[in-house]
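Topology and contacts: notes
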Amino acid sequence: MSFQAGEAISITPQVGFLGGNLLSSAAAGPGIMGDGIVPNITIGLDDGQFEGEFYLGYYAPLREEGSTLAYTHYWLNAGYKALDFLSFGAHWEHLILSGGSDVEEAVDVYQWIGPYVQFANPTGSTWARFALGSDVIEDNDSFYKLTVGMGF
């Protein structure tokens, strides 16, 4: 569910459940259903000329078997709508290993920064955003990210 905060700002609280090996460190075996929970929020800006998005999520383990991990993940992008279907701007994203059974202190996993280009259906029902750039953490590589959205 999304809520409007004025004409240009939307607030969308969400909750996700993980089924895999991200938080339970089960890489050696099959993924674990119910691995973790992800409460998160997305705040969007769309005033017709400018767009932006802020995302914040916390990936918390639901299981205690073996090694468990927790992550804090957030990103911010801001851009300009050049045409009804085309926009471009800047993307910044940060993933932090923030806790878990084997973690003594928070560790930056990556911190990305770079440009993005977005193509959208003029009605706003579907879009695809491609971002690429550099990881500002020493010894990490560059990144690319493709995000696709669909409204229902």
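First, a word on scope: everything that follows refers to the structure included in this document. These figures come from a predicted structure and were not determined experimentally.

**Observations regarding the overall build of the protein**
Looking only at helices and strands, the protein features zero helices and nine strands. Counting from the amino terminus, helix and strand elements in the protein follow one another as β-β-β-β-β-β-β-β-β. The principal-axis extents of the C-alpha atoms in the protein amount to approximately 50 × 35 × 25 Å. The burial tally for the protein puts 34% of its 152 residues in the buried class. Taking all contacts inside the protein whose residues are at least 6 apart in sequence as the whole, residues at least 24 apart take part in 43%. Taken as a whole, the protein presents about 9200 Å² of accessible surface, with 62% of it coming from carbon and sulfur. Taking the 4 positively charged and 18 negatively charged side chains of the protein as two groups, their mean positions are separated by 10 Å.

**A look at the pairing of strand β7 (residues 107–120)**
Summarising the sheet, strand β6 (residues 86–100) and β7 pair through 12 bridges and their orientation is antiparallel. Bridge pairing in β7 places Ser87 opposite Gln118. In textbook terms, the turn of a hairpin is the stretch between consecutive antiparallel strands, and for β6 and β7 this stretch comprises six residues. Pairing analysis gives seven bridges linking β7 to strand β8 (residues 126–135), with the strands arranged antiparallel.

**A look at the sheet that holds strand β2 (residues 9–20)**
Pairing is antiparallel across the open sheet formed by nine strands, whose spatial order is β1-β2-β3-β4-β5-β6-β7-β8-β9. Sheet topology places β1 (3–4) and β9 (143–150) at the edges, where each strand pairs with a single neighbour. Note that strand β3 (residues 32–46) and strand β4 (residues 50–61) share nine bridges and pair antiparallel. Note on β4: the bridge partner recorded for Asp46 is Glu51.

**Points about the nonpolar core**
Core analysis: the largest hydrophobic core is formed by 15 residues, its most contacted members being Tyr55, Tyr59, Leu69, Tyr71 and Leu97. The set of elements that each furnish at least two residues to this core consists of β4, β5 (69–83), β6 and β7. Beyond its immediate stretch of four places on either side in the chain, Leu97 contacts Leu69, Ala70, Tyr71, Val103, Glu105, Ala106, Val107 and Val109.

**A word on the pattern of salt bridges**
On inspection of all chains with the given rule, the structure shows three salt bridges. One salt bridge connects Arg129 with Glu53, and the closest N-O pair in it is separated by 3.3 Å. In this pair, Arg129 is assigned in strand β8 and Glu53 in strand β4, connecting sequence segments 76 residues apart. Overall, Arg129 belongs to the buried group, its relative accessible area being 8%.

**Things to note about the pairing of β4**
The side chains of a regular strand alternate between both faces of the sheet. Between β3 and β4, which pair antiparallel one after the other, the connecting turn spans three residues, and Gly48 there sits at a positive phi close to 95°. One ladder, built from 10 bridges, connects β4 with β5; its direction is antiparallel. Across the sheet, residue Glu51 finds its bridge partner in β5, namely Gly79.

**Describing a nonpolar patch on the surface**
Nonpolar side chains collect at one region of the surface, where Phe130, Leu132, Tyr144, Leu146, Val148, Met150 and Phe152 lie side by side and expose about 900 Å² of accessible area between them. Secondary structure elements with two or more residues in the nonpolar patch: β8 and β9. When residues in the nonpolar patch are grouped by element, the largest group, four residues, is from β9.

**Let's talk about the environment of Ser134**
With respect to the helices, strands and loops of the structure, Ser134 is situated in strand β8. For the pair Ser134 and Tyr144, spaced 10 residues apart in sequence, the C-alpha separation works out to 8.7 Å. Contacts of Ser134, omitting those with residues within four sequence positions, involve Gln111, Trp112, Ile113, Ser142 and Phe143.

What counts and what doesn't
- Residues numbered from 1 in each chain as written.
- Predicted model: local features only at pLDDT ≥ 70, side-chain atom pairs only at ≥ 80, totals over all residues.
- Heavy atoms only, no water.
- Helix = DSSP H or I, 4+ residues; strand = E, 2+ residues; numbered from the N terminus.
- Buried < 20%, exposed > 50% of the residue type's maximum accessible area, 1.4 Å probe, protein only.
- Contact = heavy atoms within 4.5 Å.
- Areas by Shrake-Rupley, 256 points an atom, 1.4 Å probe, with all protein chains shown as cover.
- Lys, Arg positive; Asp, Glu negative; His and termini not counted.
- Charge placed at Lys NZ, Arg CZ, Asp CG, Glu CD.
- Pairing = 2+ DSSP bridges.
- Core = buried A, V, L, I, M, F, W, Y, C linked by side-chain atoms within 4.5 Å.
- Salt bridge = Lys/Arg side-chain N within 4 Å of Asp/Glu carboxyl O.
- Patch = residues over 30% accessible without salt bridge, like charges linked within 9 Å, V, L, I, M, F, W, Y side chains within 5 Å.

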